[in-house]
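Residue strings, one per chain:
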Amino acid sequence: LVRILTEPKNALVKQYQKLFGYDNIELVIEDDALIKIAGEAIKRKTGARGLRGIIEDVLMETMYSVPSLENAKKVVVTADCIENKKAPVVYDESGAVIE
């Protein structure tokens, strides 16, 4: 499932990176987070079909709020975001975390 998320030409991770890229924001989904996403799909018994829903649950709020932040440059999804439903970490151009 991790390979499905990352390897194909139109992989989900690449699609979301492109969407964030339209606002000049880099999206990083850590390897641990990819494993947690795959594990969640297995736990829900949805397989590859459920991957998009899991990613959307994590990124939906961020997709709409981050473009309005003037200095946001990078969004990082960690395993904690998947496990504990925490918001992704947003960084500005200097690398400082934006609350």
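Residues numbered from 1 in each chain as written. Predicted model: local features only at pLDDT ≥ 70, side-chain atom pairs only at ≥ 80, totals over all residues. Heavy atoms only, no water.

1. Description of the overall build of the chain
The helix and strand tally for the chain stands at five helices and four strands. Along the chain, helices (α) and strands (β) appear in the sequence α-α-β-α-α-β-α-β-β when read from the amino end. Taking 2.2 N^0.38 as the reference for a compact globule, 99 residues should give roughly 13 Å; the C-alpha atoms of the chain span a radius of gyration of 13 Å, in line with that estimate. Its C-alpha atoms put the chain at 40 × 30 × 20 Å along the principal axes. In the chain, the proportion of contacts linking residues at least 24 apart, taken out of those at least 6 apart, comes to 54%. Carbon together with sulfur atoms contributes 50% to the accessible area of the chain, which is approximately 6200 Å² in total. (Helix = DSSP H or I, 4+ residues; strand = E, 2+ residues; numbered from the N terminus. Rg over C-alpha atoms; globule rule 2.2 N^0.38 Å. Contact = heavy atoms within 4.5 Å. Areas by Shrake-Rupley, 256 points an atom, 1.4 Å probe, with all protein chains shown as cover.)

2. Points about the pairing of strand E1 (residues 26–29)
The two faces of E1 differ: Leu 27 and Ile 29 on one face are buried, but Glu 26 and Val 28 on the other face are not. The sheet contact formed by E1 and strand E2 (residues 72–77) spans four bridges and is parallel. Residue pairing in the sheet places Leu 27 in a bridge with Val 75 of E2. (Buried < 20%, exposed > 50% of the residue type's maximum accessible area, 1.4 Å probe, protein only. Pairing = 2+ DSSP bridges.)

3. Considerations on the environment of Gly 95
With respect to the element layout, Gly 95 can be found in the loop between strand E3 (89–92) and strand E4 (97–98). Gly 95 sits 78 residues away from Gln 17 along the chain, and the two C-alpha atoms are 19 Å apart.

4. Section: the sheet that holds E4
Spatially, E1-E2-E3-E4 is the arrangement adopted by the four strands of the open sheet, whose pairing is mixed. Edge positions in the sheet fall to E1 and E4, since each has one partner strand and no second.

5. Quick look at the nonpolar core
Nonpolar side chains in soluble globular proteins tend to end up buried together. In terms of nonpolar packing, the biggest core is built from 25 residues, with Leu 5, Leu 27, Ile 29, Ile 37 and Val 77 touching the most fellow members. Contributions of two or more residues to this core are made by helix H2 (12–21), E1, helix H3 (31–43), helix H4 (51–65), E2 and helix H5 (79–83). Considering every element that reaches this core, the biggest residue donor is H4, with five residues. The contacts of Leu 27, once residues within four sequence positions are left out, are Tyr 16, Gln 17, Phe 20, Leu 59, Val 75 and Val 77. (Core = buried A, V, L, I, M, F, W, Y, C linked by side-chain atoms within 4.5 Å.)

6. Quick word on the confidence of the model for the chain
The predicted model of the chain has a mean per-residue pLDDT of 94, with 100% of residues at 70 or higher. Mean pLDDT across the elements of the chain bottoms out in E4 (91) and peaks in E1 (97). (pLDDT = per-residue confidence, 0-100.)

7. Quick word on the pattern of salt bridges
Per the stated rule, a full pass over the model turns up six salt bridges. With its nearest N and O atoms 3.1 Å apart, the salt bridge here joins Glu 83 to Lys 36. In this pair, Glu 83 is assigned in helix H5 and Lys 36 in helix H3, connecting sequence segments 47 residues apart. Residue Lys 36 is classed as partly exposed on the basis of its relative accessible area, which comes to 32%. For Lys 86, the salt bridge identified is with Asp 80, shortest N-O distance 3.3 Å. You can call Lys 86 partly exposed: its relative accessible area is 46%. (Salt bridge = Lys/Arg side-chain N within 4 Å of Asp/Glu carboxyl O.)

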